[in-house]
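Structural characterization, general
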Amino acid sequence: MDNKYYNTIFKRKSFHLFRNLGDEKLTREELDNIRTVYNNFEPLYPDIKTEIKIIPSTKKGAEYQIEIYSEKADNYLMNAGYIGEQLDLYLQHNSIASLWCGIDKPDEQTHHGLDYVIMFHIKKVSNKTKYRIDMFKARRKDLKDIWRGDDLGVANIARFAPSAVNSQPWYVENIDNKLVVYRYKKPGRIGIMTTKAARYFNRIDIGIYLCILEICLNNEDIKFQRQLFIDAGTDQKLTKVAEYKL
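What this report covers is the structure whose coordinates are included nearby. (Residues numbered from 1 in each chain as written. Predicted model: local features only at pLDDT ≥ 70, side-chain atom pairs only at ≥ 80, totals over all residues. Heavy atoms only, no water.)

Concerning the overall build of the protein chain
Looking only at helices and strands, the protein chain features five helices and 10 strands. Against the compact-globule benchmark of 18 Å for 246 residues, the protein chain has a radius of gyration of 17 Å, which places it among compact chains. Overall size of the protein chain, expressed as C-alpha extent along the three principal axes, is 50 × 40 × 35 Å. The buried share among the 246 residues of the protein chain stands at 53%. (Helix = DSSP H or I, 4+ residues; strand = E, 2+ residues; numbered from the N terminus. Rg over C-alpha atoms; globule rule 2.2 N^0.38 Å. Buried < 20%, exposed > 50% of the residue type's maximum accessible area, 1.4 Å probe, protein only.)

What follows is the structure, encoded as structure tokens:
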């Protein structure tokens, strides 16, 4: 995972409204570039086929929505989150506001034989002051609640990964020179999400977190070997999803 978007982590924000961002519009070239770079992002699973569709949108004041579609396979949601967060960082690095959106539904549930997963709303940003100025003012769980062991200088940044209704469904143990990453399942509803919805979106969230974590590890020049584990979406408290041997 390339760390070229590491600094973008600090300024990125979830744009729940797209007003007052300026009058610039996304150009055809910028839209074509999004399609091109998406195809070059690093997946967790190269064999799982994914694709995006970009269509006009006025929801929340956005210009377009980017819909992510995927072949259904083990860990396809995690894979979509991992690739999607690279897209999120690319967009915000290039002055395009974005919002992961799980509530809105697409007009079509399939695209080129692939199943709909999730979408972004996007809009060009002219007013750069709308980006986050102090990331550490964002509401996140205390580090002690999501990480055990040496934080390696990465844990405090990785915890700012976005997640559905800010649920932050991850827990990491650093033991014997190995990071073990779990999907944490809080009992019952999570905010406005039902248990069923949390089971779905939190598996996307874990992919998002792994993307941010790996960018942080690479920024600290920490080499690792990654092993992934199948997350079938059970409701047990901790589900192991990845190990990083350092």
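Considerations on a nonpolar patch on the surface
Together, Ile 103, Val 165 and Ile 192 give the surface a local cluster of nonpolar side chains, amounting to about 320 Å² of exposed area. Exposure remark for Ile 103: the relative accessible area of 63% places this residue in the exposed category. (Patch = residues over 30% accessible without salt bridge, like charges linked within 9 Å, V, L, I, M, F, W, Y side chains within 5 Å. Areas by Shrake-Rupley, 256 points an atom, 1.4 Å probe, with all protein chains shown as cover. Salt bridge = Lys/Arg side-chain N within 4 Å of Asp/Glu carboxyl O.)

Things to note about the sheet that holds strand E9 (residues 225–228)
Strand pairs in the sheet, formed through backbone hydrogen bonds, run parallel or antiparallel to each other. Spatially, the five strands line up as an open sheet ordered E6-E7-E8-E10-E9, and their pairing is mixed. Edge positions in the sheet fall to strand E6 (147–148) and E9, since each has one partner strand and no second. Bridge analysis of E9 against strand E10 (residues 238–245) gives four bridges, and the strand direction is antiparallel. The partner of Gln 225 across the bridge, within E10, is Lys 245. Contacts between helix H5 (residues 195–219) and the sheet are confined to E6, strand E7 (170–175), strand E8 (178–184), E9 and E10, with E8 contributing the most and set at about 155° to the helix. (Pairing = 2+ DSSP bridges. Contact = heavy atoms within 4.5 Å. Axes fitted to C-alpha atoms, helices over the stretch in contact; angles between N-to-C directions.)

Some details on the packing of aromatic side chains
Inspection of every chain in the model, using the stated rule, returns 11 aromatic pairs. For the pair Tyr 38 and Phe 41, a centre-to-centre distance of 6.1 Å together with 80° between the ring planes defines the contact as edge-to-face. An angle of 85° between the planes, with centres 5.0 Å apart, marks the rings of Tyr 200 and Phe 201 as edge-to-face. Owing to a relative accessible area of 14%, Phe 201 belongs among the buried residues under this scheme. Lys 11 extends its terminal NZ or CZ atom over the ring of Tyr 131, reaching a point 4.3 Å from the ring centre. The ring of Phe 15 has Lys 13 lying over it, and the distance from NZ or CZ to the ring centre is 5.1 Å. (Phe/Tyr/Trp six-rings, centres within 6.5 Å; stacked < 30°, edge-to-face > 60°. Lys NZ or Arg CZ within 6 Å of the ring centre and 35° of its normal.)

Focus: the pattern of salt bridges
Pairing is possible between side chains of opposite charge, provided their charged atoms come close. Scanning the entire structure with this criterion turns up 13 salt bridges. Of the charged contacts in the structure, one is a salt bridge between Asp 235 and Arg 199, with a shortest N-O distance of 2.9 Å. Here the residue Asp 235 occupies a position in the loop between E9 and E10, and Arg 199 occupies one in helix H5, the gap between them amounting to 36 residues. Classification of Asp 235 by relative accessible area gives partly exposed; the value is 39%. Taking the shortest distance from any N to any O, the salt bridge between Arg 226 and Glu 214 comes out at 2.9 Å.

These figures capture arrangement, not role.
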